[in-house]
Amino acid sequence: LFLAVCMLWLLALSSPRRACLAHPTQLLRLRGGQSPGELSDVWKKRLQAAVEAQQRDQLGEAAELYRMAMELHPPLQGAWPVLTNYGLSLQPSDPAKAADAFRKAVELAPDDKAKADSHFNLANALTDASQPDEADAAYGACLALVPDDGGAHYNRGALRLTRGDAKGALPCMEAAVRLSPQDAKAHLGVADCNMRLGRPEEAEASYAVSRKLRPEHALTWASSGNCAEERGEYEAAETHWKRSLQLAPDDGVYCNLGSMLRRLNRMRESRDAYAAALALNPRSVDAHIGMGKACAAPVGRRAMPGALG
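Just so we're clear, the structure is a prediction, and the values are computed from it rather than from any experiment.

Peer 1: How should I be thinking about the overall build of the protein in this particular structure?
Peer 2: In terms of helices and strands, the protein carries 17 helices and zero strands. Split into buried and exposed, the 309 residues of the protein put 50% on the buried side. Within the protein, contacts between residues separated by at least 24 positions form 52% of all contacts whose residues are at least 6 apart in sequence. Just so you have it, the protein exposes about 14600 Å², and 53% of that area is on carbon and sulfur atoms.

Peer 1: Just checking my understanding: could you explain the state of the cysteines for this structure?
Peer 2: One way to say it: the disulfide is the covalent bond shared by the sulfur atoms of two cysteines. Taken as a whole, this structure holds zero disulfides when the rule is applied. Free cysteine Cys193: the closest other cysteine sulfur is in Cys172, separated by 8.2 Å.

Peer 1: Would you take a moment to explain the nonpolar core for this structure?
Peer 2: Buried together is how nonpolar side chains tend to be arranged in soluble globular proteins. Grouped together as the largest cluster of nonpolar side chains are 40 residues, with contacts concentrated most on Leu47, Tyr66, Leu76, Val82 and Tyr86. Contributing elements (two or more residues each) for this core: α3 (41–55), α4 (59–72), α5 (80–90), α6 (95–108), α7 (112–128), α8 (132–145) and α9 (150–162). Broken down by element, the residue count for this core peaks at seven residues, all from α7. Formed by 18 residues, the second largest nonpolar core is a distinct cluster that contains Ala222, Leu257, Leu261 and Ala277.

Peer 1: Explain helix α16 (residues 267–280) to me, please; I cannot follow it from the model alone.
Peer 2: For an α-helix the count is 3.6 residues per turn, leaving residues at separations of three or four pointing the same way. Between its terminal C-alpha atoms α16 stretches 20 Å, which fits the 20 Å expected from 14 residues at 1.5 Å a residue. Within α16 the residues assigned to the buried category are Met267, Ser270, Ala273, Tyr274, Ala277 and Leu278. Each buried residue of α16 lies within a common arc of 140° when the element is viewed along its axis, so the set occupies one face. Among the exposed residues of α16, those pointing more than 90 degrees away from its buried face are Arg268 and Ala279.

Peer 1: Even after reading the chapter, I still don't get the environment of Gln246, so can you show me in this structure?
Peer 2: Here Gln246 lies in helix α14 (residues 234–247). Assessed through its relative accessible area of 59%, Gln246 is described here as exposed. As a C-alpha pair, Gln246 and Glu216 span 30 residues in sequence and 9.8 Å in three-dimensional space.

Peer 1: Honestly, the packing of aromatic side chains in this entry has me stumped. Any pointers?
Peer 2: A ring pair, where both rings are aromatic, is described by two values, the distance of the centres and the angle of the planes. A complete count under the given rule lists one aromatic pair for this structure. A ring pair is formed by Phe120 and Tyr139, whose centres lie 6.1 Å apart and whose planes are at 70°; its orientation type is edge-to-face. Separated by 19 residues along the polypeptide, Phe120 in helix α7 and Tyr139 in helix α8 bring together distant segments of the chain. The buried category is assigned to Phe120, whose relative accessible area is 0%.

Peer 1: Looking at this model, I keep getting lost on the side chain of Arg160. Mind explaining?
Peer 2: Among the structural elements, Arg160 can be located in helix α9. With near-sequence residues (within four places) excluded, Arg160 lies in contact with Asp136, Asp165, Gly168, Ala169 and Cys172.

Peer 1: Sorry, what's going on with the confidence of the model for the protein here?
Peer 2: Regions with low pLDDT should not have their predicted coordinates read in detail. Per-residue confidence for the protein gives a mean pLDDT of 86, with 83% of residues at or over 70. In this model, residues 19–38 is a region of pLDDT below 50 whose contacts with residues beyond four sequence positions or in other chains number 33 contacts. Counted against residues more than four places away or in other chains, residues 300–309, with its pLDDT under 50, gives 22 contacts.

Peer 1: Teacher, can you tell me more about the pattern of salt bridges here?
Peer 2: If charged atoms from side chains of opposite charge come close, those side chains can pair. A full pass over the atoms with the stated rule returns 17 salt bridges. With a shortest N-O distance of 3.7 Å, Glu61 and Arg56 are connected by a salt bridge. Judged by relative accessible area, Glu61 falls into the partly exposed class, the value being 39%. Between Arg266 and Glu238 there is a salt bridge, with its nearest N and O atoms 3.0 Å apart. In this pair, Arg266 sits in the loop between α15 (251–263) and α16 while Glu238 sits in helix α14, placing the two residues 28 residues apart along the sequence. Put simply, Glu238, Lys242, Arg266 and Glu269 are held in one network by salt bridges that share partners.

Criteria and cut-off values
- Residues numbered from 1 in each chain as written.
- Predicted model: local features only at pLDDT ≥ 70, side-chain atom pairs only at ≥ 80, totals over all residues.
- Heavy atoms only, no water.
- Helix = DSSP H or I, 4+ residues; strand = E, 2+ residues; numbered from the N terminus.
- Buried < 20%, exposed > 50% of the residue type's maximum accessible area, 1.4 Å probe, protein only.
- Contact = heavy atoms within 4.5 Å.
- Areas by Shrake-Rupley, 256 points an atom, 1.4 Å probe, with all protein chains shown as cover.
- Disulfide = S-S within 2.5 Å.
- Core = buried A, V, L, I, M, F, W, Y, C linked by side-chain atoms within 4.5 Å.
- Expected span 1.5 Å × (residues − 1).
- Arc of directions from axis to C-beta.
- Phe/Tyr/Trp six-rings, centres within 6.5 Å; stacked < 30°, edge-to-face > 60°.
- pLDDT = per-residue confidence, 0-100.
- Salt bridge = Lys/Arg side-chain N within 4 Å of Asp/Glu carboxyl O.

Next comes the structure, spelled out in structure tokens:
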């Protein structure tokens, strides 16, 4: 099966970064620095432009403008809000440098809530920089300060799940559900953990909640189909996968469907599913192999034993 898609989904839906966008004069009041009348026009304009670019989601431009403002006016390098915004803007292009900014922000945070947010941002940047051990520790530091941070629990669970540690991820996802019972992705995370742990019955209970909370989410239906097939509920699996494909055509889901239909001796439908997968992704090795197996089995006969895929 193609359960790896769940891992991609979990990373893609990590909780959003904690921004602190503000007008430059507000940044200075938080810092306790000079009054607006004492600001240099050049760096003030750079800082204002940086905030505006970040608000427009033009993060590359924003990062460069923050860098210029801090270079022109070094005291900004000790301003927690500026470092936070700089790190958030820089993260998509250079997560390692963003992590450096967030480390400084942790040291400069004015209170525990701000420090927890800085640890959270640091953890996300370290995740993006492929430093999972440090990222996990940073999520832990965030949660030590704010234990009821559902986003940190979820992101930590997602990180552990992508590393193959479903046992360690499960309590994180369960905490996220407990803190945010209406969060569909947290229920999906619990379900994915249970699937990896070989507990399809428990997984289905969480998938059902997630489907109810977010019925238009294709990957929830795809994962539900994987679970139903694992439980031997082939009709339900077919229904779930077809619903997923209605919402978002995906070659991996078509391959899952084609594989199950072939094993059920529904060869024509199996070939149709593999053909749809190849139409979406002509380079899909799984689809080519599956199509070959479906074509090799005469209509009305099963494919060779041991040739399931």
